[in-house]
Each structure stands twice: as structure tokens, then as C-alpha cells.
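Coordinates in review
Residue-level listing of the chains:
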Amino acid sequence: MSSRPDPKETEAVLMGGEARYTRDEVVRLTGTSPEIVARVWRALGFATRGDDAPAYTDSDVEAMRVTARLIREGTLTEEAAVRLARAMGQTMIRLAEWQTSIFTTLSYKPEVDTDEHLGPLVGLAKELLPDMETLLLHVWRRQLAAAVSRSLAVQEQQSEDASPHYFPLVVGFADLVSFTTLSRELDEVGLADVVEGFEATSADIVASGGGRIVKTLGDEILYVADDARQAADIALQLAAGVKTHVEVPDVRVGVAYGPVLALLGDVFGTTVNRASRLTSFARPGTVLIDDALAAQLKDEEDFQVVAVRARHAHGLGQLQPYALRRSFGAGVAPRG
């Protein structure tokens with residue numbers, strides 16, 4: 001019976017070396033303060049170790065040295081460095097967990113005999129490291145370029161004293177209907193297939209339509225779009241793209257237009273709350289939009305916007321929803 005790979009040895013293999021430095025040694029080697037080392041370490045998502053415990057690898061020391069240099073040069077403030085560490089840490093936690101779950105589904109045996117005792121999962125992760133690093137850097141640069149371009153476009157349309165984080169967007173929620181019932185009827189594997197299928201289909205629809213997934217919540221996704229027509233097309237494709245069959249329920253969608261606070265990779269504000277509430281009002285396979293988005297779409301020939309019964313939403317007052325449909329004979333709206 002084979003034993004599980006040793007966690008410390010696994011970490012050493014994937015990190016390119018074992019943890020051998022204490023926090024005091026990191027402070028001395030990087031020329032930064034114990035407080036900054038501790039704050040950055042926590043922001044990255046790692047548990048605090050005792051001062052005498054060797055918790056840092058050579059690459060950890062190098063990363064901290066870069067951080068310390070950026071602070072000394074004035075490129076980053078201490079607060080900015082911690083915020084960036086938190087952003088990267090929280091993003092990478094999910095990425096690493098997601099990648100590991102994919103790796104565990106693959107059948108693989110390392111070709112290098114010396115790695116056999118580490119098991120197929122560690123062997124596969126080690127084998128893929130160079131290629132994953134290349135892809136990760138490329139995708140990050142791509143997404144950074146897109147995010148900076150969007151930010152510049154927003155700033156060009158705003159006054160000089162306006163907040164760069166507060167601007168109008170179209171916000172949409174797509175929700176799996178009867179997910180709670182499914183969670184009782186399906187086993188863990190079946191439920192995981194439903195969730196992954198929903199997220200994959202939704203992500204493809206949103207991305208191809210020019211929108212962006214903000215976050216997924218298992219049975220629900222939150223997305224945004226800059227353009228009303230794009231957002232409407234995405235919403236209708238989401239409502240039609242996941243249809244009831246043996247395992248996957250229908251989707252209902254709510255979409256609203258208005259100012260949002262875009263911060264920490266998320267969006268906040270009344271517009272977001274309005275979209276969420278419209279989703280709860282929608283029937284399976286349908287799309288409800290607010291009056292602001294309805295006004296944006298009133299002259300679009302490819303869409304029909306029909307007022308439905310007004311509803312009271314707690315904390316938002318009276319909402320006037322509109323049912324969004326494609327015009328008779330209209331195909332999928334072209335993506336801009």
C-alpha cells in the first residue's frame with residue numbers, strides 16, 4: 001500500500017526548493033520590516049508561522065525583495081503593496097484550486113523514476129509548471145491590457161474630478177432554477193457536473209458576446225457589459241443556452257443599467273442589487289430588465305421590450321420590470 005506524498009517534499013518540488021528561512025532571516029535578507037513581511041504574507045493568503053519556524057523558500061525571499069524595492073523606490077506605498085498582494089493571493093488561490101481539481105481528473109504517471117514516490121498528481125503539476133507559467137503570464141498580460149484600455153475609455157468619458165471606480169455599466173445575473181432541488185437529487189459528482197457545465201456554458205456566452213464574468217456563485221453568475229445591445233444579446237443567449245434536460249435546469253436572467261462601484265475585481269451598488277432582484281422575479285428561461293436598460297434598447301429592431309407587472313423590491317422600492325425578447329424573425333444580434 002503506497003503512502004501519500006510528504007507535504008513538505010511536495011512543496012519543495014513545486015516551489016523549486018524547501019522552506020528554510022525564518023521571518024527574521026527574510027527581514028535581514030530583504031531589508032524590509034517584520035511588519036511588512038507579515039502583512040504581505042497574510043495578504044497572499046498564508047497562515048502566520050512562528051518567528052523561529054522556517055516558512056520561506058528562496059523564491060519567497062526573492063518575491064519579498066522585489067516588494068521591498070518597489071516600496072523603497074516609491075513606486076508602491078506600503079498599503080498599495082499589501083493591496084496588490086491580496087489581489088494576487090485571492091486570485092491565485094482560486095486558480096490553484098481549480099487547476100488542481102482538473103489535474104486530479106487526468107490519468108498520468110511521471111516518466112522520471114525519481115518522482116514516482118511523489119504520486120501522479122504532483123508529477124503532473126511539476127511536468128506542467130514551465131508551460132503553465134508561460135500561459136499564465138500571457139493571459140495576465142492580455143487581461144491587464146484589456147482592463148487598462150477599459151479604464152482609459154471610462155476616464156475619457158468622465159469629468160476630471162469623477163471617481164475612476166464609479167461609472168455606468170450593464171449588470172446581469174443568471175441563476176440556475178431549482179438548483180436546491182437538484183442538490184438533493186444528485187450525488188456530488190452529478191452536481192459538480194451541473195455546476196461546471198453551467199459555468200462553462202455561461203462563460204463562453206458572456207465572453208463571446210463581449211461581456212465579462214465578475215464572479216460565479218455555483219448556481220449563479222454575475223457579469224457586466226459596456227454596451228446595452230451586447231448585454232441584451234448575452235442575456236437572451238444565457239436564457240436559451242442552458243435548457244432543462246436530465247441534469248441541467250433552466251436559467252433565469254435579470255439585467256440592469258446604471259452607475260456601479262467597480263472595486264477589488266467586483267461591482268457594487270444599487271444597479272447590482274436591482275439586477276439581482278429582477279433575476280428573482282424572472283420565470284425560468286426568461287429575461288427581465290430594468291427601465292434604464294429598456295430605454296437604451298427601445299430603438300433596437302432586434303429586441304422586443306414589454307412592460308410586465310410592477311413589483312415591490314425590499315430596499316429598492318417599486319420596480320418596473322420589462323420582459324426582453326428577440327423580435328420575430330430576428331436572429332442572434334451581431335456582436336460588437
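Residues numbered from 1 in each chain as written. Predicted model: local features only at pLDDT ≥ 70, side-chain atom pairs only at ≥ 80, totals over all residues. Heavy atoms only, no water.

Remarks on the pattern of salt bridges
Under the defined criterion, the tally for this structure stands at 11 salt bridges. Two residues, Asp302 and Arg229, come together in a salt bridge whose shortest N-O distance is 2.5 Å. A residue pair is termed long-range when its members are at least 10 positions apart, and Asp302 in the loop between helix 11 (291-297) and strand 7 (303-307) and Arg229 in helix 9 (residues 228-241) qualify at 73 residues. With relative accessibility at 22%, the residue Asp302 sits in the partly exposed group. Under the relative-accessibility criterion, Arg229 is labelled buried at 19%. Of the charged contacts in the structure, one is a salt bridge between Asp290 and Arg274, with a shortest N-O distance of 2.9 Å. Taken together, the residues Asp290 in the loop between strand 6 (287-289) and helix 11 and Arg274 in helix 10 (residues 270-281) connect sequence positions 16 residues apart. Taking the relative accessible area as the measure of exposure, Arg274 reaches 15% and is therefore buried. (Salt bridge = Lys/Arg side-chain N within 4 Å of Asp/Glu carboxyl O. Helix = DSSP H or I, 4+ residues; strand = E, 2+ residues; numbered from the N terminus. Buried < 20%, exposed > 50% of the residue type's maximum accessible area, 1.4 Å probe, protein only.)

Some thoughts on the pairing of strand 3 (residues 220-225)
Here strand 3 lies mainly inside the structure; 6 of its 6 residues are buried. Residue alternation in strand 3 divides its side chains into two sets, Glu220, Leu222 and Val224 and Ile221, Tyr223 and Ala225, and both sets are buried. The sheet contact formed by strand 1 (residues 166-176) and strand 3 spans 6 bridges and is antiparallel. Among the inter-strand pairings, Asp175 is bridged to a residue of strand 3, identified as Glu220. For strand 2 (residues 212-216) and strand 3, the ladder comprises 4 bridges, and the chain directions are antiparallel. Bridge pairing in strand 3 places Ile213 opposite Tyr223. (Pairing = 2+ DSSP bridges.)

What to know about the environment of Asp291
The topology assignment puts Asp291 in helix 11. With 29 residues separating them along the chain, Asp291 and Gln320 place their C-alpha atoms 6.4 Å apart.

What about a nonpolar patch on the surface?
Together, Leu137, Trp140, Leu144, Val148 and Leu152 give the surface a local cluster of nonpolar side chains, amounting to about 470 Å² of exposed area. Within the secondary structure, Val148 is located in helix 6 (residues 119-157). Val148 gets classed as partly exposed once you look at its relative accessible area, which sits at 41%. (Patch = residues over 30% accessible without salt bridge, like charges linked within 9 Å, V, L, I, M, F, W, Y side chains within 5 Å. Areas by Shrake-Rupley, 256 points an atom, 1.4 Å probe, with all protein chains shown as cover.)

Geometric values such as these leave the question of function open.
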